[in-house]
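Tertiary structure, described
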Amino acid sequence: MIQYEKVNGDFSLEGKVAVVVGGAGGIGEATARMYARKGAKVVIADCKDNCPEVAADIAREYGVQTTGIKCDVTSQESVDTMITGVLETFGEINVLACMPGFVDLYRATDIEISNVEKHIAINAVGVFRVCQAVANQMIRQGKGGKIVCITSQADFIAINKHVGYTMSKAALVGMIKVCALEWAEYGINVNGVAPTVVNTYMGERAWQGKVKTDMIEKIPAHRFAETDEIAAAVLFLSCSESNMITGEDLVVDGGFTIY
Ligand SMILES: NC(=O)c1ccc[n+]([C@@H]2O[C@H](COP(=O)([O-])OP(=O)(O)OC[C@H]3O[C@@H](n4cnc5c(N)ncnc54)[C@H](O)[C@@H]3O)[C@@H](O)[C@H]2O)c1
């Protein structure tokens with residue numbers, strides 16, 4: 001059962017241990033900063049080398065405990081080692097924001113199958129690997145928990161040259177629904193946040209020049225999103241204010257998918 005907790009609108013994560021995978025940059029780092037602002041102990045996990053530096057910077061700015069652990073979601077050993085490290089440092093895991101991501105743009109006639117497999121290995125199977133390991137830990141703890149993954153507007157609308165990415169993110173939406181169904185009895189919420197283009201390394205890589213201006217034209221808000229706007233939606237789905245929401249894929253797209 002997912003318990004009712006009196007809603008006070010604080011969106012607090014005071015005392016919670018929150019792991020952010022893909023947390024060394026972009027939306028993940030913005031999420032980690034928002035979690036810290038709301039009182040969480042924060043773990044930065046990412047395949048990049050700078051996890052300890054990002055974690056230390058967040059600790060300095062927000063006065064919370066943090067740690068940074070290098071982790072590649074395509075490796076079971078790496079994920080297991082990261083979780084062991086979190087438990088050694090903080091003893092438990094209450095919140096998981098799982099947002100590693102990879103994109104490469106090819107038309108469906110041209111993309112190498114190995115490139116499709118890479119999208120799926122990181123964006124779908126890699127994310128599931130972490131969710132499964134963390135959910136099993138949350139079940140052992142017996143106190144429920146929150147899992148939030150970043151999906152994409154590509155779940156809802158076909159986008160040119162996004163076939164590998166879309167296949168992986170559509171798989172992620174399916175994963176979110178099944179895990180939400182199965183893990184509700186343990187008090188675990190599982191949700192997605194589906195952004196439009198966000199101003200990050202990935203966003204800039206995929207959207208440049210005329211493709212960028214055409215895309216902005218199609219978004220009713222007439223701009224791309226900023227990382228803190230996505231982090232705010234992730235925060236909502238990570239705290240007790242959203243206990244009655246599970247299996248959802250919350251669109252944050254300035255209206256792009258209205259049509
Ligand atoms: N930026 C956008 O326009 C946009 C739009 C919709 C969805 N998203 C999704 O948001 C999430 C965050 O993307 P972002 O825009 O912040 O991009 P980003 O490139 O800034 O961040 C992605 C992070 O994932 C990490 N990562 C990649 N492969 C990994 C692996 N194998 N193991 C561990 N970490 C790995 C990277 O090192 C990086 O820090 C992704 O899932 C992405 O698909 C982004």
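We now turn to the structure provided with this report. (Residues numbered from 1 in each chain as written. Predicted model: local features only at pLDDT ≥ 70, side-chain atom pairs only at ≥ 80, totals over all residues.)

**Re the overall build of the protein**
Helices and strands together make up the secondary structure of the protein, namely eight helices and seven strands. Expected size for 259 residues packed as a compact globule is a radius of gyration near 18 Å; at 17 Å, the protein falls within 12% of this value. Expressed along its principal axes, the backbone C-alpha trace of the protein runs to roughly 50 × 40 × 40 Å. Every one of the 259 residues in the protein was classed for burial, and the buried ones make up 46%. Within the protein, residue pairs in contact and separated by at least 24 positions form 73% of the contacts whose partners lie at least 6 positions apart. (Helix = DSSP H or I, 4+ residues; strand = E, 2+ residues; numbered from the N terminus. Rg over C-alpha atoms; globule rule 2.2 N^0.38 Å. Buried ≥ 20, exposed ≤ 12 C-beta atoms within 10 Å, placed from the backbone. Contact = placed C-beta atoms within 7 Å.)

**As for the site of the ligand**
As a matter of local geometry, the ligand sits amid 28 residues, with Gly22, Gly26, Pro100, Gly101 and Gly203 nearest to it. Class assignment for the residues of the shell around the ligand results in 15 nonpolar, ten polar and three charged. (Near = placed C-beta within 6 Å. Nonpolar A, V, L, I, M, F, W, Y, C, P; charged D, E, K, R; others polar.)

**Things to note about helix α1 (residues 26-37)**
Residues that lie three or four places apart on an α-helix share one face, since the helix turns once every 3.6 residues. The end-to-end C-alpha distance of α1 is 17 Å, a good match for the 16 Å that twelve residues give at a rise of 1.5 Å each. In terms of burial, α1 is largely enclosed, as eleven of its twelve residues are buried. The set of residues buried in α1 consists of Gly26, Ile27, Gly28, Glu29, Ala30, Thr31, Ala32, Arg33, Met34, Tyr35 and Ala36. (Expected span 1.5 Å × (residues − 1).)

**Overview of the packing of α1 against helix α2 (residues 51-62)**
Across the interface, α1 lies against α2 with an axial gap of 10 Å and an inter-helix angle of 35 degrees. Crossing hand, α1 versus α2: right-handed. For the pair α1 and α2, the contacting residues are Glu29, Ala32, Arg33, Ala36 and Arg37 in the first and Val54, Ile58 and Tyr62 in the second. Of the residues assigned to the contact of α1 with α2, the class counts are five nonpolar, no polar and three charged. (Axes fitted to C-alpha atoms, helices over the stretch in contact; angles between N-to-C directions. Left-handed = near helix turned anticlockwise from the far one by under 90°.)

**Concerning helix α4 (residues 113-141)**
The first and last C-alpha atoms of α4 sit 40 Å apart over 29 residues, in line with the 42 Å expected at 1.5 Å per residue. A bend of about 40 degrees at alanine 121 is the largest found in α4. At the exit of α4 stands glycine 142, carrying a positive phi of roughly 75 degrees. (Bend = angle between axes of the 7 residues up to and from the residue.)

**Let's talk about the sheet that holds strand β6 (residues 188-195)**
One open sheet accounts for seven strands, arranged β3-β2-β1-β4-β5-β6-β7; its pairing is parallel. Because the sheet does not close on itself, it has two edges, and the strands there are β3 (66-70) and β7 (249-252). Sheet twist, expressed as the average angle between the axes of neighbouring strands with direction ignored, equals 15 degrees. Sheet topology note: the strand β2 (residues 41-46)/β3 ladder contains five bridges and is parallel. (Pairing = 2+ DSSP bridges.)

**Some details on the nonpolar core**
With 70 residues, the main nonpolar core has Ala18, Val20 and Val42 as its most contacted residues. At nine residues, the largest contribution of residues to this core is made by α4. (Core = buried A, V, L, I, M, F, W, Y, C linked by C-beta atoms within 7 Å.)

**What about the environment of cysteine 98?**
For cysteine 98, the position within the fold is in strand β4 (residues 95-98). Taking the number of C-beta atoms within 10 Å as the measure of exposure, cysteine 98 has 26 and is therefore buried. With 53 residues separating them in the primary sequence, cysteine 98 and threonine 151 have C-alpha atoms 9.9 Å apart. Filtering out sequence-adjacent residues up to four positions away, cysteine 98 remains in contact with Val21, Val127, Val130, Cys131, Ile147 and Cys149.

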